[in-house]
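# Reading the structure
What follows is the residue order along each chain.
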Amino acid sequence: MIFPKMKLKPFNLSLLLLLLSLISPMVSSASTGSDGVVPPVLAWTSTVDQDQDATATNGVDQDAAATHEAEADHAEAAEHADDHGPLPPVWLVIPFIAILLLIALGPLFFAHHWHHNYPKYAIGLGLSVGLYYIFVLGSPTPMFHAASEYISFIALVASLFIAASGIFVNLNAKGTPRNNVILLFVAAVIANLIATTGSAMLFIRSYMRLNQGRLKAYHIVFFIFIVANVGGALTPIGDPPLFLGFLRGVPFFWTAAHVWYIWLPATLMILGVFYVIDSRNKAVSPDPEAGEPVVSLIGVKSFVWVAIIIGSVFLDPNIFDWVPNLHDVLGVPFGIREIIMLTVSVLAYLTADKTAMTKNEFHFEPIREVGWLFLGIFATMQPALQLISNFAAGHADSLSVGTFYWATGFLSGILDNAPTYLNFVAAAMGKFGLDVNDPSAVLAFANGVDSHIFLQAISVAAVFFGAMSYIGNAPNFMVKAIAEANGVETPTFMGYIFRYSIPVLVPIYLVIYLIFFSGWIL
């Protein structure tokens, strides 16, 4: 039991979100342009565009140019102040590093203490960053963005976790390397229809049952690699960064058209490594039951809730003008989408097929763990995002396609890949004098002869490299928590990285880089 001293109710996360909504009006007035629904492009990513606007002004009005130059000098003296206030000091990244180290080392060296107290560490470290922004820097907007991003994140993850848990997928087959590869590939394709989170929640339990008697840590790791990350690279539904690109003006089918020939070999290479490893596992799973169908479902009605959740993803003011922008109207860090998702999560739980829930061994511990830890992560990573965004925007002209690929990828492995994607897209567009906030400019960037490869590299890296750590993408830690809750051994945080993601994924991603983004082959 993770919380023996903390009597957390099943929907305590809803209370947490309510608290965030109550305190958000205090900081919302400082927000500049966030719609409160999806993680917005941070204003500091537009530095290049601001400089270009200033240049244009210089050619029209000398006095205005002189004024702008003086203001620019003043801004530089004030630590590069922008619409979000001054840049944070580099040392403010320490709380983020601290929470990563605690997640990695806590279960190893002080497991009992960590399992009982990690919510306190997450809240304490998050508050240390938030209070510094608000009271020292006088810049509460990044914390408002953090609240907005966190609510969007937890609403999607929690609702899909609960809704998918009401569906019991029974596979009447033997756990073999061949059958595992088939299941992983099918789940990867489905991830593009119901998101990596939805596909992971739908298949993880049946995948574990399929390998009963031979289930090892590597099974969970490769499930995270393929189903929770790489699989969802073909559509905006598949992974949050791609959806944010769609909101900004990237055509819906652009990703499929420009990424499928990268997605397919990457997926097959990872599956090939898995097949070799799984073939060395000589343990045997039970034989299938004679006369029973290969696939059977219990709780089919919960697919309705999953469909509503996926459909609500598109209820965004940037897509449909008739969708109210609750940030502008009420000053809250969430939108209609999040309200629908959290409502559906309650209804899905209350109406779920009890047999399916029992067979899935459903309980709330995985989502509680994810909820508390990512609350701290989203708060503490804001200084790192702001500093990286400022650097990328200021040095975009000197950054190559390969640099964008590796930088986006590395940071997507340890930071939230959605704002990482947007910040690097904004910086790359600055190379071509384009504004990420202009849909027509985004379309021109996506279809440009010289520019589209930058968007391709950033899109691939943001999705693929999310598999590099447990915190790289929303469902990663959830899959780990579900596996552990069912008594399955999983690697430690550092074990996952050094035993699996670096030796398996980095060589494959290097091959992808050499073929598609180095300029040496294609």
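In this report, we go over the structure that sits alongside the text. It should be emphasised that the depicted structure is a prediction, and the values quoted were computed from it without experimental measurement. (Residues numbered from 1 in each chain as written. Predicted model: local features only at pLDDT ≥ 70, side-chain atom pairs only at ≥ 80, totals over all residues. Heavy atoms only, no water.)

### Describing the overall build of the chain
Rules: For helices the rule is a DSSP run of H or I covering at least 4 residues; for strands it is a run of E covering at least 2, with both sets numbered from the N terminus onward. Whether a residue is buried, partly exposed or exposed follows from its accessible area with a 1.4 Å probe, protein chains only, as a fraction of its type maximum: under 20%, in between, or over 50%, in that order. For this analysis, residues touch if any pair of their heavy atoms sits within 4.5 Å. Per-residue and other accessible areas follow the Shrake-Rupley method at a 1.4 Å probe size, with only the shown protein chains counted as cover for residues.
Counting its secondary structure elements, the chain contains 23 helices and 2 strands. Taken over 522 residues, the chain has a buried fraction of 58%. Looking at the chain alone, contacts between residues at least 24 apart form 82% of all its contacts between residues at least 6 apart. For the chain, the exposed area adds up to about 20700 Å²; of that, 67% sits on carbon and sulfur atoms.

### Quick look at the pattern of salt bridges
As a reminder of what qualifies: Should a side-chain nitrogen of Lys or Arg be within 4 Å of a carboxyl oxygen of Asp or Glu, the pair is scored as a salt bridge.
Evaluation of the coordinates by the stated rule reveals 6 salt bridges. Taking the shortest distance from any N to any O, the salt bridge between Glu338 and Arg337 comes out at 3.1 Å. Note on accessibility: Glu338 and Arg337 belong to one class, buried. In this structure, Glu484 engages Lys480 in a salt bridge whose closest nitrogen and oxygen atoms are separated by 2.7 Å. Of this pair, Glu484 and Lys480 are both found in helix 22 (residues 474-485), 4 residues apart, which corresponds to roughly one turn of the helix.

### What to know about empty space enclosed by the protein
Note the following rule: With a 1 Å grid spanning the protein atoms alone, the term cavity applies to any set of points in which a 1.4 Å probe fits but cannot get out, the term pocket to an open set with protein on both sides within 12 Å along at least five of seven lines, and the term lining residue to any residue with an atom within 4 Å of a point. Grid points are joined across faces, edges and corners, and a volume is the space filled by probe spheres set on the points. Each residue gets one of three labels, nonpolar for Ala, Val, Leu, Ile, Met, Phe, Trp, Tyr, Cys and Pro, charged for Asp, Glu, Lys and Arg, and polar for the others, Gly among them.
Applying the stated criterion to the full structure yields 4 cavities of 30 Å³ or more. In this model, the largest cavity occupies a volume close to 470 Å³. Around the largest cavity, the lining is made up of 36 residues, and of these Ser152, Phe153, Leu156, Pro240 and Ala418 lie nearest the centre. Here the lining of the largest cavity takes 5 residues from helix 7 (residues 141-165), the largest share from any one element. A breakdown of the residues in the lining of the largest cavity according to their chemical character gives 24 nonpolar, 7 polar and 5 charged.

### Some thoughts on the nonpolar core
General note: in soluble globular proteins, nonpolar side chains tend to be found buried as a group. Just so we agree on the cut-off: In plain words, nonpolar cores are sets of buried Ala, Val, Leu, Ile, Met, Phe, Trp, Tyr and Cys residues tied together by side-chain atoms within 4.5 Å.
Formed by 146 residues in total, the largest nonpolar core has its most connected members in Phe225, Tyr405, Phe464, Tyr509 and Phe517. Ranked by residue count, the leading element in this core is helix 8 (residues 177-210), at 15 residues. Setting aside anything within four residues of it in sequence, one finds Phe464 in contact with Val230, Ala233, Ile262, Trp263, Ala266 and Tyr509. Grouped together as the second largest cluster of nonpolar side chains are 6 residues, Val129, Tyr132, Leu137 and Met143 included.

### Some thoughts on the environment of Gly299
When you line up the elements, Gly299 lands in the loop between strand 2 (295-298) and helix 12 (302-312). The spatial distance from the C-alpha of Gly299 to the C-alpha of Ala356 is 5.9 Å, given a sequence separation of 57 residues.

### Notes on unusual backbone geometry
The phi angle at Ala195 is positive, at roughly 75 degrees, despite the residue not being glycine. Position of Ala195 among the secondary structure elements: in helix 8. When its relative accessible area of 7% is taken as the criterion, Ala195 is described as buried. Unlike most non-glycine residues, Glu361 shows phi in positive territory, near 50 degrees. You can see Glu361 is positioned in the loop between helix 15 (354-359) and helix 16 (365-380). A relative accessible area of 47% places Glu361 in the partly exposed class.

### Some points on a nonpolar patch on the surface
Basically, it comes down to this: In this scheme, patches are assembled from residues that exceed 30% relative accessible area and form no salt bridge. Like charges are connected within 9 Å, while nonpolar side chains (Val, Leu, Ile, Met, Phe, Trp, Tyr) are connected within 5 Å.
A surface patch of nonpolar side chains, about 830 Å² in accessible area, is lined by Ile97, Leu101, Leu105, Leu108, Phe109, Phe110, Met494, Phe498 and Ile502. Those elements that place two or more of their residues in the nonpolar patch are helix 5 (94-109) and helix 23 (493-517). In terms of residue count, helix 5 provides more of the nonpolar patch than any other element does, 5 residues in total.

### Remarks on the packing of aromatic side chains
Put simply, the rule reads: Stacked, edge-to-face and tilted labels apply to pairs of Phe, Tyr and Trp rings (six-membered ring for Trp) whose centres lie within 6.5 Å, assigned for plane angles under 30 degrees, over 60, and everything in between, in that order. We call a charge positioned above a ring when the Lys NZ or Arg CZ atom is no farther than 6 Å from the ring centre and deviates by at most 35 degrees from the ring normal.
In the structure shown here, the tally under the stated rule is 45 aromatic pairs. Here the aromatic rings of Phe404 and Phe424 are separated by 6.0 Å at their centres, their planes lie at 85 degrees, and the arrangement is edge-to-face. Placement of Phe404 in helix 18 (residues 401-414) and of Phe424 in helix 19 (residues 417-431) is noted, with a sequence separation of 20 residues between them. Accessibility assignment for this pair places Phe404 and Phe424 in one class, buried. Ring-pair connections join several aromatic residues into one group, and the members of that group are Tyr150, Phe153, Tyr218, Phe222, Phe225, Phe274, Phe374, Phe378, Tyr470, Phe477, Phe493 and Tyr496. Cation over ring: Lys480 sits above Tyr470, and NZ or CZ is 5.2 Å from the ring centre.

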